[in-house]
Amino acid sequence: MGQRLAAAVHVQHPTTAEWLILQPGEEPDEDLAATITNPDAWEPDEDEKGADDNDSDRESAALREAEQTPAPKPAPAPEVTSELMPAPAATPEPEAKPARTRTRTRKQADA
């Protein structure tokens, strides 16, 4: 009995060069199986299944332990104080020049 696929696989048939889509659970012929090089595409062998179960049990235990450990609390944000910046020194306004008073000229006075 050949290996079963664990995932869908796109392969090119070695003799016809036709593109094929093999579905999970299928057992491809040896010539097609030889073209599938990704080990994750295959279901584990019966012999390896027992070894994988022990590995997955260890991984599950590690995950459970990690879930039980509470996450550390984040450090409090630094307190922001609102110190007012001193206002820039006031620049004295230039003294206003006295308005020029116009004197009436003789022509304006006669009119």
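As a reminder, the structure under discussion sits directly above these lines.
Source: prediction; values computed, not measured.

Trainee: Help me out: how do you make sense of the nonpolar core in this one?
Mentor: Inside soluble globular proteins, nonpolar side chains tend to come together where they are buried. Residues Leu-5, Val-9, Val-11, Leu-22, Leu-32, Ile-36, Ala-41 and Trp-42 constitute the largest nonpolar core, which totals eight residues. Once residues lying within four places of it in the same chain are set aside, the contact partners of Ile-36 are Leu-5, Val-9, Val-11, Leu-22, Pro-28, Ala-41 and Trp-42.

Trainee: Would you mind going over unusual backbone geometry with me for this structure?
Mentor: The bulk of non-glycine residues show a negative phi, and the bulk of peptide bonds are trans. Of note, the phi angle at Ala-17 is positive, near 60°, even though the residue is not glycine. Residue placement: Ala-17 occurs in the loop between β1 (9-12) and β2 (19-22).

Trainee: Hey, could you run me through the pattern of salt bridges in this one?
Mentor: A side chain of one charge can pair with a side chain of the opposite charge if their charged atoms are brought near each other. Counted by the stated rule, this structure contains one salt bridge. Its salt-bridge partner being Arg-4, residue Glu-27 comes within 3.1 Å of it at the nearest N-O pair. Placement of the pair is Glu-27 in the loop between β2 and α1 (30-35) and Arg-4 in the segment before β1, with a sequence separation of 23 residues. On the basis of relative accessibility, which here comes to 34%, the residue Glu-27 falls in the partly exposed class. For Arg-4, a relative accessible area of 37% puts it in the partly exposed group.

The rules behind the values
- Residues numbered from 1 in each chain as written.
- Predicted model: local features only at pLDDT ≥ 70, side-chain atom pairs only at ≥ 80, totals over all residues.
- Heavy atoms only, no water.
- Core = buried A, V, L, I, M, F, W, Y, C linked by side-chain atoms within 4.5 Å.
- Buried < 20%, exposed > 50% of the residue type's maximum accessible area, 1.4 Å probe, protein only.
- Contact = heavy atoms within 4.5 Å.
- Helix = DSSP H or I, 4+ residues; strand = E, 2+ residues; numbered from the N terminus.
- Salt bridge = Lys/Arg side-chain N within 4 Å of Asp/Glu carboxyl O.

Function-wise, these values are silent; they only describe arrangement.
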